[in-house]
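Structural description and commentary
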Amino acid sequence: DFSKAMCQAGPSQFQEVIRQELEYSMKVELDKILATAPSNELEHTKKDLEGFKKLFHRFLQEKGPSVDWGKIQRPPEDSIQPYEKIKARGLPDNIASVLNKLVVVKLNGGLGTSMGCKGPKSLIGVRNENTFLDLTVQQIEHLNKTYNTDVPLVLMNSFNTDEDTKKILQKYSHSRVKIYTFNQSRYPRINKETLLPIAKDVSYSGENTECWYPPGHGDIYGSFYNSGLLDNLIAEGKEYIFVSNIDNLGATVDLYILNHLMNPPNGKRCEFVMEVTNKTRADVKGGTLTQYENKLRLVEIAQVPKAHVDEFKSVSKFKIFNTNNLWIALSAIKRLQEKNAIDMEIIVNPKTLDGGLNVIQLETAVGAAIKSFENSLGINVPRSRFLPVKTTSDLLLVMSNLYSLNAGSLTMSEKREFPTVPLVKLGSSFTKVQDYLRRFESIPDMLELDHLTVSGDVTFGKNVSLKGTVIIIANHGDRIDIPAGAVLENKIVSGNLRILDH
């Protein structure tokens, strides 16, 4: 009967039957996985798998890029405010009263694997032995001491980072910052061919580590709500969260933006503020704010139809990109979460596992929810608020004398003549943090550097100074040692330069 019905059905009915089959098969598999959960993990696992089921259902419904390119418009003038205008309003007499309404949330789900490190990325040393987490705690402690306030820090961990992070938190037990953690969900990776989970049970250690993944930072709304922490903070009188990536060293609490939220000039509060900054050629892939069906909407490169990707990347049409520094009203998160009304596009992230199996993981991005909130706003902030450390090339910049460190915050040195940072490209010999550190006896003076490219087996002696454009290329099998005290200005160094002690 089934095959007879299929012969008579049209293509859309056929697709619908296939979709129902897939959804049913997925439900069967997830039930089997849930049945293996120990009683103390049952409730938590059930919530995770329910959330995953909803995401999978939407994934089967949606086809192709999720934006209709014809409907994309530039955002209206007043929907993205210049930071200077926000700053010009000054600060209230009682800063403590607005600060006490704030919670700082850092996205701490990522591992340091791309930089060759084991464990949470937030525990990598970035400056004078301080880790990303140390700097974050120092910043908030400085605020709390200066203004006699109680701004808490909340870390959204993943199952990959939770245990190691909690161990390290003990060292801050005497600091003047209350630290809370909650975990983002744990979702099963799906076999690309069968569209079924590759996990057979709930365990995620040993050979099962590759079966599960944290589903992107868009998961913050559901997990924050489910953890009970959202309600507790609202009960304490907190009103806004400031969310950012823990590896963005420019994402410090900005009192002017906070004041704008708490005391809006027109009396109508924003529920969602996204900090954006001007694109450079290096940021062409960053998500941008657009006007779409009369709402501000974040459009990521993955959602753009292939024919329009070049247009999306153009610096002239889309001049800004999302820094992922977001200010969101707690009451709005609660309201939307309870109505199941937070709408974020699904990001399909394909991966190939170590054994060669092709899988997909379904993710969402925190900024994509902007269209679900009322009275959203973009603020065009200075580039200094976006200082992500994704690679050792970024690490070299933040370790150098381009920045000075004060109470956990990095500020560009006044001796630097232009406000932009140099473009640094370190080759594959520098990818891992330990290799990178081994190759620099001390971090070079980079105050007058515009561009640095290093490729091959290169080491730097102490007190090297780099100026203008410097390109150092050691050919395969060769090695270049830049001698201590060397000053390289607008130089190309290539071939084989080895300095030996006499």
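Naming follows an unreviewed UniProt entry, where the chain appears as UTP--glucose-1-phosphate uridylyltransferase of Alectura lathami. The annotation that UniProt attaches to the chain under Function (unreviewed entry) is "UTP--glucose-1-phosphate uridylyltransferase catalyzing the conversion of glucose-1-phosphate into UDP-glucose, a crucial precursor for the production of glycogen."

Here we look at the overall build of the chain
Looking only at helices and strands, the chain features 14 helices and 26 strands. Relative to its full complement of 502 residues, the chain shows a buried share of 50%. Intrachain contacts of the chain at a sequence separation of at least 6 include 71% that bridge at least 24 residues. As displayed, the chain has an accessible area near 24500 Å², and 50% of this comes from carbon and sulfur atoms. Across the chain, the 61 positively charged side chains and the 59 negatively charged ones have centroids separated by 2 Å.

Notes on the pattern of salt bridges
Counted according to the given criterion, the structure contains 28 salt bridges. Note that Asp 150 and Lys 178 form a salt bridge whose closest N and O atoms lie 3.1 Å from each other. Here the residue Asp 150 occupies a position in the loop between helix H6 (132–147) and strand S6 (153–157), and Lys 178 occupies one in the loop between helix H7 (162–169) and strand S7 (179–183), the gap between them amounting to 28 residues. Take Lys 178: its relative accessible area is 41%, and that puts it in the partly exposed class.

Section: the packing of aromatic side chains
Under the criterion given, the structure shown has 15 aromatic pairs. A centroid spacing of 4.7 Å and a plane angle of 15 degrees characterise the contact between Phe 440 and Phe 460, whose relative ring orientation is stacked. Here the residue Phe 440 occupies a position in the loop between helix H14 (433–439) and strand S22 (445–455), and Phe 460 occupies one in strand S23 (residues 457–460), the gap between them amounting to 20 residues. A connected cluster of aromatic rings, assembled from ring pairs, spans Phe 52, Phe 56, Phe 59, Tyr 187 and Tyr 213. For the cation-ring pair, Arg 297 lies above Tyr 292, with the distance from its terminal atom to the ring centre recorded as 4.3 Å.

Side note on the nonpolar core
Membership of the largest hydrophobic core comes to 107 residues, with the highest contact counts inside it found for Ile 220, Tyr 221 and Phe 460. No fewer than three residues from each of domain 2 (69–385) and domain 3 (392–494) sit in this core. Beyond its immediate stretch of four places on either side in the chain, Tyr 221 contacts Phe 272, Ile 328, Ile 333, Gln 337, Ile 342, Met 344, Val 366, Ala 369 and Phe 373. Core analysis: the next-biggest nonpolar cluster, separate from the first, contains 27 residues, Met 26, Phe 59, Ile 190 and Leu 362 among them.

Points about the UniProt feature "binding site: substrate" (unreviewed entry) in the chain
Per the UniProt record, the feature "binding site: substrate" (unreviewed entry) sits at His 217. With respect to the helices and strands, the residue His 217 is situated in the loop between strand S10 (212–213) and helix H8 (220–226). A relative accessible area of 27% means that His 217 is categorised as partly exposed. Non-local contacts of His 217, meaning those with residues more than four positions away in its chain, are made with Leu 107, Met 156, Asn 245, Asn 324, Thr 364, Ala 365 and Val 366.

A look at the layout of surface pockets
Looking at the second largest pocket, its volume works out to about 780 Å³. Around the second largest pocket, the lining comprises 29 residues; the ones closest to its centre are Gly 51, Lys 54, Tyr 187, Gly 222 and Gln 337. When contributions to the lining of the second largest pocket are tallied by element, the ones reaching two or more residues are helix H3 (42–61) and H8. Per-element tally for the lining of the second largest pocket: the top contributor is H3, with nine residues. Its residues placed into classes, the lining of the second largest pocket shows eight nonpolar, 13 polar and eight charged. Of the residues that make up the lining of the second largest pocket, three or more belong to each of domain 1 (1–61) and domain 2 (69–385).

Calculation rules
Residues numbered from 1 in each chain as written. Predicted model: local features only at pLDDT ≥ 70, side-chain atom pairs only at ≥ 80, totals over all residues. Heavy atoms only, no water. UniProt positions renumbered as here; feature names shortened; annotations may be inferred. Helix = DSSP H or I, 4+ residues; strand = E, 2+ residues; numbered from the N terminus. Buried < 20%, exposed > 50% of the residue type's maximum accessible area, 1.4 Å probe, protein only. Contact = heavy atoms within 4.5 Å. Areas by Shrake-Rupley, 256 points an atom, 1.4 Å probe, with all protein chains shown as cover. Lys, Arg positive; Asp, Glu negative; His and termini not counted. Charge placed at Lys NZ, Arg CZ, Asp CG, Glu CD. Salt bridge = Lys/Arg side-chain N within 4 Å of Asp/Glu carboxyl O. Phe/Tyr/Trp six-rings, centres within 6.5 Å; stacked < 30°, edge-to-face > 60°. Lys NZ or Arg CZ within 6 Å of the ring centre and 35° of its normal. Core = buried A, V, L, I, M, F, W, Y, C linked by side-chain atoms within 4.5 Å. Domains from an automatic or database assignment. 1 Å grid on protein atoms, 1.4 Å probe; cavity = no way out; pocket = protein on both sides within 12 Å on 5 of 7 lines; lining within 4 Å. Points joined across faces, edges and corners; volume = space filled by probe spheres on them. Nonpolar A, V, L, I, M, F, W, Y, C, P; charged D, E, K, R; others polar.

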